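As a plain string of letters, each chain reads:
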Amino acid sequence: MGDDSEWMKLPVDQKCEHKLWKARLNGYEEALKIFQKIKDEKSPEWSKFLGLIKKFVTDSNAVVQLKGLEAALVYVENAHVAGKTTGEVVSGVVSKVFNQPKAKAKELGIEICLMYIEIEKGEAVQEELLKGLDSKNPKIIVACIETLRKALSEFGSKIILLKPIIKVLPKLFESREKAVRDEAKLIAVEIYRWIRDALRPPLQNINSVQLKELEEEWVKLPTGAPRPTRFLRSQQELEAKLEQQQSAGGDAEGGGDDGDEVPQIDAYELLEAVEILSKLPKDFYDKIEAKKWQERKEALEAVEVLVKNPKLEAGDYADLVKALKKVVGKDTNVMLVALAAKCLTGLAVGLRKKFGQYAGHVVPTILEKFKEKKPHVVQALQEAMDAIFLTTTLQNISEDVLAVMDNKNPTIKQQTSLFIARSFRHCTASTLPKSLLKPFCAALLKHINDSAPEVRDAAFEALGTALKVVGEKVVNPFLVDVDKLKLDKIRECSEKVELVHGKKAGLAAEKKEFKPVPGRTAASGAAGDKDTKDISAPKPGPLKKAPATKAGGPPKKGKPTAPGGPGSAGTKNKKGLETKEIVEPELSLEVCEEKASAVLPATCIQLLDSSNWKERLACMEEFQKAVELMDRTDMPCQALVRMLAKKPGWKETNFQVMQMKLHIVALIAQKGHFSKTSAQIVLDGLVDKIGDVKCGNNAKEAMTAIAEACMLPWTAEQVMSMAFSQKNPKNQSETLNWLSNAIKEFGFSGLNVKAFISNVKTALAATNPAVRTSAITLLGVMYLYVGPSLRMFFEDEKPALLSQIDAEFEKMQGQSPPAPTRGISKHSSSGADEEDGDEPDDGGNDVVDLLPRTEISDKITSELVSKIGDKNWKIRKEGLDEVAGIINEAKFIQPHIGELPTALKGRLNDSNKILVQQTLNILQQLAVAMGPNIKQHVKNLGIPIITVLGDSKNNVRAAALATVNAWAEQTGMKEWLEGEDLSEELKKENPFLRQELLGWLAEKLPTLRSTPTDLILCVPHLYSCLEDRNGDVRKKAQDALPFFMMHLGYEKMAKATGKLKPTSKDQVLAMLEKAKANMPAKPAAPAKTTSKPAGGSAPAKFQPASAPVEDSVSGTVEPKPDPKKAKALGISSKAKSAQGKKVPSKTSLKDDEDKSGPVFIVVPNGKEQRMKDEKGLKVLKWNFTTPRDEYIEQLKTQMSSCVAKWLQDEMFHADFQHHNKALAVMVDHLESEKEGVIGCLDLILKWLTLRFFDTNTSVLMKALEYLKLLFTLLSEEEYHLTENEASSFIPYLILKVGEPKDVIRKDVRAILNRMCLVYPASKMFPFIMEGTKSKNSKQRAECLEELGCLVESYGMNVCQPTPGKALKEIAIHIGDRDNAVRNAALNTIVTVYNVHGDQVFKLIGTLSEKDMSMLEERIKRSAKRPAAAPVKQVEEKPQRTQSISSNANMLRKGPAEDMSSKLNQARSMSGHPEAAQMVRREFQLDLDEIENDNGTVRCEMPELVQHKLDDIFEPVLIPEPKIRAVSPHFDDMHSNTASTINFIISQVASGDINTSIQALTQIDEVLRQEDKAEAMSGHIDQFLIATFMQLRLIYNTHMADEKLDKDEIIKLYSCIIGNMISLFQIESLAREASTGVLKDLMHGLITLMLDSRIEDLEEGQQVIRSVNLLVVKVLEKSDQTNILSALLVLLQDSLLATASSPKFSELVMKCLWRMVRLLPDTINSINLDRILLDIHIFMKVFPKEKLKQCKSEFPIRTLKTLLHTLCKLKGPKILDHLTMIDNKNESELEAHLCRMMKHSMDQTGSKADKETEKGASRIDEKSSKAKVNDFLAEIFKKIGSKENTKEGLAELYEYKKKYSDADIEPFLKNSSQFFQSYVERGLRVIEMEREGKGRIPTSTGNTNGEEVGPSVYLERLKILRQRCGLDNTKQDDRPPLTSLLSKPAVPTVASSTDMLHSKLSQLRESREQHQHSDLDSNQTHSSGSMTTSSTANIDDLKKRLERIKSSRK
């Protein structure tokens, strides 16, 4: 036994490793006990066993191993660190447990695996289990499969990855062991339950018998969607929710939640990809070219077999596709064509999206092959087209499809239309935007007039499908010219489409059709399903979204194919006009004369051709008068202009007559319905006269009027062609000048650039210098709109001319195009109805799209391609030179470039680096030349450019980066981020590639508003880059991390760390936390006209301020008239020009060195000197309506001394892009140069006011961004804005609050908000008040709203000069003509009303009756009682959520206030350092909520708190230093947990929903963890008060607020109810709720159940069911006395209140009935004396007669039932419980009870009666003991409490007198000696007083101070601490706050407000004792002073309480 004793002494962890099995067994047993005891999952104790757990499960002794497994299971379940052991333990379980013969061991092993999955280690467990499947031991395999099956069954397919399991299933089915096969069958059935038919394809090759068995099992499975039954730790809430639903009986919603899990798994995903390229026959490419068709057939058949694999591995299929395409296009044998088409179909199905890059090459060939008529060929081609369509988007192939639509062959036309129809079926309203639909509709409309009926039918079907998909509203504008018959046909087809695409029919058809290809079945099924859903969704939703989806700019591919055609450029504008435009036939001269004579005086017509000029002049005057008086509808324009053109017509020699004539033409064009026919009659004459010195201006006016009537694009084209067809140079130059002005007036929209450019070139070649000058001026104007790309057309001009053009362009740089002033009304009136959705597309298109594009595909010959691929590098270079030449010559090209992409791709990895660089340059050219259409080449050409970023040579990488940027500028980022390509690149372990690519992403990501979901694929590689060996890669990865997180969110990123090694994971998570703090916000929705900030020069992280790149390309996203678009385009193009110029203008090294110093130089007293100068009028005062030059010069001079020269140059540069750079630099230096910034603050603010007058939005947004950062910095530095700074800045900032753009207004409001921290709100007020006088209605409205916010946040004191004057001015705006202003004014006054109550009506003075009624109505509607806690939207007022006293601090109004708030801060700091400003909130918030209910003016909180604190200093100082030793708990707890909980609870009642939800979530976390829940003890009442305040706030305020999203409210309700249920499940905490609080809680819950508004909400029923469940929990778990008492008082109140609904009382009674049912079980725990007192009070308020008058008989029956049950349960003893009722003889209750007792006695007979009496007396003796103890406990509690000492002693004296034998010894035994002597002395005093012996003063129930020892206070402190929840010893049930023994006339229930006040006073007292404990022990005080101060305190609180109560009634 010696050995035994040795190991017995060892510690547990050593026993577990001992070589003796007994020692180990004992060790595991002890470890198990230890594990079960440890409550804290993060306890260090767990770590001791970290390395041993594997040994627990792999013990060699079977008996010991069992115990080890038990211990391991408990460890895994409870230890925080258990996750680290996953791999080793699970592998141990698999190898050493699953092979055990004992079933128990296996069960425990499985449990351990499942527990690891529960603690979020599913992947690691699954990995080990799958390894176990390779074991040779069948037992292990079976156990592993069983574990996987159970895991799947319990956790569901979201947690358990199915793909790897399905991969090994076929192998398991082939096992020789029956047990393995059977288990495989079971898991196959389980998997099928989760993913249904997606499992079929992977199992199609298993044994047919097994498959049949499986089929039989699958059929038996229930059809409902499966649900997980067990959840991960992080999903425990969901579990609770499900339980709740089930217990409430409704699981419908749950079903909905998880139902969508099933379709998420796609069979394709589960399949293994097969690599087929290497399996192609070696001679395939030779055979496919062979002359014998049989050989070609063999080659194709070999491919056909390979592509039958349902999933193919990605690879370079370009050559294979090219070969197949050649067969389809060129092979004469139709059988081979069909075979090649099938191969393409197989490739498309197997590769899915990865085939998309080849789609563009193949589609035209297949479509053109539709000329074949053989059905099997057509079918094969159709299938190929459909399969290819699914791999790409309609957008990408639209160009090719549209090109084929014009083919002459009817079969091709028919099949193309049918293909379009089928494609449309896969689209939704959002994926088929107008821009895409428009060209298709145009082409199809031609087909419906085709001579071939099959073409017509196919077109009808396609149009019908489009109609079905996007709805009539969108399609109708395109069908304006279609006659009714055809329209009906289209509609009829549209109705039929539904049958084809109906959910079931469509699916079935597709499934049948594609049965042979298993991968396709699921895919098409799922797609069909999805589309059906999309289409059947209500149409308006998707339609509205359509424009938004275009932001990325893809729609440009679908633009009309030949914008070069003369009419096509103007299509949109013509379209807009067609509905209104009068298409006049040309009338003969006779008809015209007849019409004209009807409206003109006869003399006028006769004198038209008089030979006397005076007569002609008189005739013209009459003509003009007649035209002026004519009505628009009666004016025969064509006839009148014909009359004017009649001889002498435009050959008129007299200039006066001519001027008059031209003026009349302008009048007719303006006043009449002027058609193009009329215009053509006069334009020739006008062009002829435009160069005339005297008549030229009139001719120009007439032309402008015609342009307005017939649209500028058409007029300009006519005028230009006429001017250049004649020889007169003066006319030509004046025409060009007119056009320059016209473009500025009308905007550039719809102009035919191509025609202009050819005319301008003619003009530039003219000999006359005036013509050349005019042409150059016109080019300058065009440059404003088109941008730098315009120059490309003139590069071949002579250098001298080119330099002139450049000079003109230079002049225009930095200017933005003016807003159109003409032609708008026509556009908007005509185009608005049909074209509103289309406006953003067409006009917003980059004007480059209007430029003519050349088709170069014919120049890309096969010879050229083979040259580029030649072995000799010189020949390769020649080929590349040729390509560069072709692109240069073409300038702008169409997207078809034949085989060029493949050829260029090959050159990107050329061994000769020079050629690589040349290729990159070509690709850069290509991007510019092709424009946005380049995006279809991103996958096959763009991604290979990224690969070049990994090149070892620096210059090659730089060239590649420039190329990628050039491409991205054209395409936007979406194309790059979609798919796996980018992540594949990042995966390559090339440090250069990684750092360049990450740097590029870090630059681009912050500018995007959204990214494709595929971005997540890059994250694992990003994490590996974070740990790369190369430091640069690590740095770049860290820089990129916040931008990835910005798009993906922290949760997704953190989840992705799951696959990392534990060490890596911890590091990465730490970096993620860091990045989370630096994560930038996503860019705001694009400001409509912004562009990319200056050439990308600003640092990436500030780019979000301006709109993303793509947006500038796709233009405006709102249906507004052309001016905006034109503007947008100008800006975007300028941005590009800046980029173009960026490279040449690199600064020299020297400049760079200059920039290294500080940007702001601190000049001592510089600011003060500037202020003096301004005061002394030495310089101009900063005050202007628009900044004049002298102000700018003055600022420049002032800045020169304190701002770095280079920065000043940027700041005052003419080009806005330099301002952007300057702002970026200022942002960079903000933190590092705080002193400098503050020293120059006045100048910085003045410079920013200048920026407010700029028209460029990107600068404005950047300036506002900087201001936000600046004011945040100033408030942190506690800087106070000077008057001078404020007055020269705030008025200009307020101008911007009226900006039309939402984003800007929001930013300005945020800045005004932050300014209140550095400049007093009361001084801000007058500035904002001034802003309300603006003419801009938006500004007035916003200023009024801001005033409301100021009043709400800072009270009435901010109103300057006086509240009366201010409110009168605000009230004026109630009558404003603008609705928004009226609303804002009303809301502001309502806000004041909420703070100030009815006094508002006095302050605002007299209002008109209408205004007053509006105001009263609004106040009623606001449904707020005065001064509910201010509810403000968080995002608008981020700063105002700080506590008010901290604001007071910032404002620094005066030294006194500053000191006081500092004092408060210091005080709160000592309590709880983290929450320095917050702790005070706990009181502030709740008090606000209650105090403000009394309708009086709210005083500012800091003073209030301080006043109370002073009160606390007065009372007695305690003479006992030892008190410190007694209260360590107080210190620890109060400074940490308690104050944290106090603070969180105070946030629960916050007016802001999100704050409240966050607080509730934190509390919920505490309540859910048993070991932490205790921390809530002592805070329960406080928490419940906060909760029902929140309920009241929701009921009164949030629910009435129409702006609030009701989902938010439901979310808040769910949080509240969830929390309550958690709380009331913990009995010890539930019992702490006191009566008053329970009463208010029940009131709130019942009100909520009756709220009809909730029922109307979607999830309202669920909320009400949950409340039901909660009420039941409250009734069962609360302290039964308290809840019963609360219900009785609630019933009494509800019956008294006239406003209360009968339903309310009925529900209270139902609760009481439930309580009555519970009584038999709970009677012993109930304090009957209190309950009977409550019933007594109830009966006093409602005597029997009064109760009988109630409408309902329920109240009286409820009361009787309750009393009857009590009598039945207690018998005669019930009469002993009337002790708390004074003069009970008068009580109706006693009489009632006696009657009941008598009645029951009568029934049992007299014999029983006597026995009962005896029994009663016996029982009485026993029970009285317990009762006596309770009663004495109450008395001693009173003696211990400060307020009731005297009353307690008196009661004790009475009691002892009554029961002389009563033993009070046990109560005194536990207390200190001092307390005992104090009680005895007190009793003696009372005795002497009563008997008249003593003359000792008894005012305090205390003897004089000198006799009292400090222990009395100590005792009292003990009791106080216990009541404040600060004592960790036994928690007794506390008595209600108003003493149980107080006067019975007052109801004994303390309402929640009492509770709150008593909480406050308790806390104060405990603090007061705590504070004075250090003072000298010799100081003594009469206790009288202490009590009086205390009573004063209580009286004060009572008075406040009374006020509150009276105001509530």
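Analysis parameters
- Residues numbered from 1 in each chain as written.
- Predicted model: local features only at pLDDT ≥ 70, side-chain atom pairs only at ≥ 80, totals over all residues.
- Heavy atoms only, no water.
- Helix = DSSP H or I, 4+ residues; strand = E, 2+ residues; numbered from the N terminus.
- Buried < 20%, exposed > 50% of the residue type's maximum accessible area, 1.4 Å probe, protein only.
- Contact = heavy atoms within 4.5 Å.
- Disulfide = S-S within 2.5 Å.
- Phe/Tyr/Trp six-rings, centres within 6.5 Å; stacked < 30°, edge-to-face > 60°.
- Lys NZ or Arg CZ within 6 Å of the ring centre and 35° of its normal.
- Salt bridge = Lys/Arg side-chain N within 4 Å of Asp/Glu carboxyl O.
- 1 Å grid on protein atoms, 1.4 Å probe; cavity = no way out; pocket = protein on both sides within 12 Å on 5 of 7 lines; lining within 4 Å.
- Points joined across faces, edges and corners; volume = space filled by probe spheres on them.
- Axes fitted to C-alpha atoms, helices over the stretch in contact; angles between N-to-C directions.
- Parallel < 35°, antiparallel > 145°, perpendicular 65-115°, else oblique.
- Left-handed = near helix turned anticlockwise from the far one by under 90°.
- Nonpolar A, V, L, I, M, F, W, Y, C, P; charged D, E, K, R; others polar.
- Expected span 1.5 Å × (residues − 1).
- Arc of directions from axis to C-beta.
- pLDDT = per-residue confidence, 0-100.

Peer 1: Even after reading the chapter, I still don't get the overall build of the chain, so can you show me in this structure?
Peer 2: Looking only at helices and strands, the chain features 104 helices and zero strands. Considering the chain as a whole, with its 2009 residues, one finds that 55% of them fall into the buried category. Look at the contacts in the chain between residues 6 or more apart in sequence, and 76% of them connect residues 24 or more apart.

Peer 1: What is the right way to read the environment of L1069 from this model?
Peer 2: Within the secondary structure layout, L1069 lies in helix α58 (residues 1062–1078). Given the relative accessible area of 23%, L1069 is considered partly exposed. Residues L1069 and A1054 lie 15 residues apart in sequence; the distance between their C-alpha atoms is 6.7 Å.

Peer 1: Which parts of the structure should I look at to understand the state of the cysteines?
Peer 2: As used in these notes, a disulfide is a covalent bond between sulfur atoms, one from each of two cysteines. Within the structure shown, the criterion is met by zero disulfides. Not part of a disulfide, C1767 finds its nearest cysteine sulfur in C1794, a span of 9.2 Å. Overall, C1767 belongs to the buried group, its relative accessible area being 8%.

Peer 1: Explanation requested: the side chain of T86 in the structure shown.
Peer 2: Looking at the element boundaries, T86 is found in helix α7 (residues 86–97). When sequence neighbours within four positions are dropped, the list of residues in contact with T86 reads Y116, K121, A124 and V125.

Peer 1: Hey, could you run me through the packing of aromatic side chains in this one?
Peer 2: In this description, an aromatic ring pair is defined by two values, namely the gap between the centres and the angle between the planes. Within this structure, the stated rule accounts for 19 aromatic pairs. Ring centres of W976 and W1000 lie 5.6 Å apart, and the angle between their planes is 70 degrees; this geometry places the pair in the edge-to-face category. Taken as a pair, W976 in helix α52 (residues 974–977) and W1000 in helix α54 (residues 991–1004) lie far apart in primary sequence, 24 residues in all. The same class applies to W976 and to W1000, which are both buried. Centre to centre, the rings of W1182 and F1184 are 5.2 Å apart; their planes meet at 70 degrees, and the pair counts as edge-to-face. Neither residue differs from the other here; W1182 and F1184 are each classed as buried. Put simply, the rings of W1182, F1184, Y1191, F1253 and Y1292 pair up and form one aromatic cluster. The ring of F655 carries K694 above its face, with NZ or CZ at 4.3 Å from the centroid. Over the ring of Y1050 we find K1076, and its NZ or CZ is 4.2 Å from the ring centre.

Peer 1: Just to check I follow, could you spell out the pattern of salt bridges for this structure?
Peer 2: If the charged atoms of two oppositely charged side chains come close together, the side chains can form a pair. If you walk through the whole model with that rule in mind, you get 71 salt bridges. Between E1676 and R1714 there is a salt bridge; the shortest N-O distance is 3.2 Å. Note that E1676 is positioned in helix α91 (residues 1660–1677) and R1714 in helix α93 (residues 1702–1722), a separation of 38 residues in sequence. A residue is classified by how much of its surface remains accessible, and E1676, at 32% relative accessible area, is partly exposed.

Peer 1: Which parts of the structure should I look at to understand empty space enclosed by the protein?
Peer 2: One way to see where empty space is left: roll a probe the size of a water molecule over the atoms. A full pass over the atoms with the stated rule returns 16 cavities of 30 Å³ or more. In this structure, the largest cavity spans a volume of roughly 180 Å³. What lines the largest cavity is a set of 13 residues, and nearest its centre among them are A318, Y358, H361, E899 and T902. The biggest single contributor to the lining of the largest cavity is helix α18 (residues 318–330), with four residues.

Peer 1: Would you explain the environment of Q1038 in this entry?
Peer 2: Structurally, Q1038 is set in helix α56 (residues 1031–1048). With 36 residues separating them along the chain, Q1038 and A1002 place their C-alpha atoms 9.6 Å apart. Aside from chain neighbours lying at most four places away, what touches Q1038 is L1026 and M1071.

Peer 1: Explain the packing of α54 against α56 here, please?
Peer 2: Between two packed helices, the angle of one axis relative to the other and the distance separating the axes together describe the packing. For the pair α54 and α56, interaxial distance at closest approach is 8 Å and the crossing angle is 30 degrees. Put simply, α54 runs roughly parallel to α56. In this structure, the crossing between α54 and α56 has a hand that is left-handed. Mapping the contact onto sequence places P991, R994, Q995, L998, G999, L1001 and A1002 in α54 and D1032, V1033, K1036, A1037, A1040, F1043 and F1044 in α56. Here the residues of the contact of α54 with α56 sort into nine nonpolar, two polar and three charged.

Peer 1: Just to check I follow, could you spell out helix α17 (residues 293–307) for this structure?
Peer 2: Three- or four-residue spacings in an α-helix give side chains the same orientation, since the helix completes a turn every 3.6 residues. Relative to the 21 Å expected for 15 residues at 1.5 Å per residue, α17 spans 21 Å between its end C-alpha atoms, a close match to the ideal helical length. For α17, the complete set of buried residues consists of R296, A299, L300, V303, E304, L306 and V307. Considered in projection along α17, the buried side chains sweep an arc of 165 degrees and stay on one side of the axis. Tucked inside the fold, the buried residues of α17 contact α16 (284–287), α18 and α19 (334–351).

Peer 1: Would you mind showing me how to read the side chain of S1556 here?
Peer 2: Along the chain, the position of S1556 falls in helix α84 (residues 1553–1568). Beyond its immediate sequence surroundings of up to four residues, S1556 is in contact with Q1547, V1548, S1550, Q1590 and L1612.

Peer 1: I tried to follow α18 on my own but got confused; where do I start?
Peer 2: Given a rise of 1.5 Å per residue, 13 residues ought to cover 18 Å, and the 18 Å separating the end C-alpha atoms of α18 matches this to within 8%. All buried positions along α18 are accounted for by A318, L320, V321, A323, L324, V327 and V328. Those residues of α18 hidden inside the fold are in contact with α16, α17, α19, α20 (356–369), α21 (375–389) and α48 (900–907).

Peer 1: Mind showing me how you'd approach the confidence of the model for the chain here?
Peer 2: Any region with low pLDDT has predicted coordinates that should not be read closely. Mean pLDDT over the chain: 75, with 76% of residues reaching 70 or higher. The low-confidence segment residues 1806–1822, where pLDDT is below 50, has seven contacts with residues more than four positions distant or belonging to other chains.

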